[in-house]
Amino acid sequence: MIKIDALPAFTDNYIWLLQDPETRRCAVVDPGDAAPVLAWLSEHPGWQLSDILITHHHPDHVGGVERLKSTSGARVLGPAAERIPARDLALGEGDRVEVLGHSFAIIEVPGHTLGHIAYYQAEQHWLFCGDTLFAAGCGRLFEGTPEQMHVSLSRLAALPAETQVYCTHEYTLSNLRFAQAVEPDNRQIAQRLAQVSEWRQTGRISLPSTLQLERATNPFLRSDEPSVQARIAEREGAKPRSPSDVFASLRAWKDRF
Ligand code: ZN
Ligand code: FE
């Protein structure tokens, strides 16, 4: 059984650490800083870092790669379409890769960056989606268009409801405040906001999320909901033409929220 823990990094990043206690091998996702991973390894003698999974090229996701690879010899997996330091395996849509005895499917999710990929493990219901889908939110559009991001998020949202969403940042509380502004009458958003507020007061992590919860409370997965469309129509003074337009308005609103 693989155990998954979050190693906090910087102010609000998480480096996901997958551990196989039988083989004492582990893998990390998006190590923006090598230090938390090296600290864990030194506290766990006998464990070997076998794989480093990268979702996209931003420094807070790749900053620790070279140091970790040179100290552990781990294999570096990353998107084919981006410059990833020390990458051994270049991955794109439909590729499959074996990590700690589990097969992951690669899903290309352009939007936050153009080459961004997600790692999906269907049997265990794990989704490592970097800065694409956040708990109750989504990544900013640094390189892609709203249309690209909307397609990417729709593809992730179509995965099974029990899928566990392992994203990279602890943005859930501020995302939920925005979600509530979009849908003031959504009871699940209100409940989730109350719960995550409580968790964060004690420093508890709000992740992983599930796709079921995201579909109910994440405005960026809800642009075909009449309540969300009505809210956007009211703000924009015109009826949006498509769910993709609704998404674009939501993203622009959140950027200034
Ligand atoms: Zn990023
Ligand atoms: Fe990031």
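Quick note: structure is the one above.
Residues numbered from 1 in each chain as written. Chains lettered and ligands numbered in written order. Predicted model: local features only at pLDDT ≥ 70, side-chain atom pairs only at ≥ 80, totals over all residues. Heavy atoms only, no water.

**Q** Which parts of the structure should I look at to understand the sheet that holds strand E9 (residues 117–121)?
**A** Think of a sheet as strands paired side by side through backbone hydrogen bonds, with each pair either parallel or antiparallel. With mixed pairing, six strands are arranged side by side in an open sheet as E7-E8-E9-E10-E13-E14. Edge positions in the sheet fall to strand E7 (96–99) and strand E14 (209–210), since each of these pairs with one other strand and no more. (Pairing = 2+ DSSP bridges. Helix = DSSP H or I, 4+ residues; strand = E, 2+ residues; numbered from the N terminus.)

**Q** What is the right way to read the side chain of His116 from this model?
**A** Secondary-structure assignment places His116 in the loop between strand E8 (102–108) and E9. A polar contact of 3.3 Å, which involves the side chain of His116, links it to the side chain of His56. Polar contacts involving the side chain of His116 include one to the main-chain amide nitrogen of Asp131, which spans 3.1 Å. (Polar contact = N/O pair within 3.5 Å; in protein donor to acceptor, adjacent residues only side chain to side chain.)

**Q** Can you walk me through the pattern of salt bridges in this structure?
**A** Where charged atoms of side chains with opposite charge meet at close range, the side chains can pair. Following the criterion strictly, the structure yields twelve salt bridges and no others. Arg140 serves as the salt-bridge partner of Asp255, at 3.4 Å between the closest nitrogen and oxygen. Separated by 115 residues along the polypeptide, Asp255 in helix H9 (residues 243–256) and Arg140 in the loop between strand E12 (137–138) and helix H4 (146–157) bring together distant segments of the chain. Note on Asp255: relative accessible area 36%, which makes it partly exposed. Of the charged contacts, one joins Arg222 and Glu183 as a salt bridge, the two residues approaching to 2.8 Å between their closest N and O atoms. Of the two residues, Arg222 sits in the loop between helix H7 (211–217) and helix H8 (226–236) while Glu183 sits in the loop between helix H5 (172–182) and helix H6 (187–201), which places them 39 residues apart along the sequence. Like Glu183, Arg222 is buried. (Salt bridge = Lys/Arg side-chain N within 4 Å of Asp/Glu carboxyl O. Buried < 20%, exposed > 50% of the residue type's maximum accessible area, 1.4 Å probe, protein only.)

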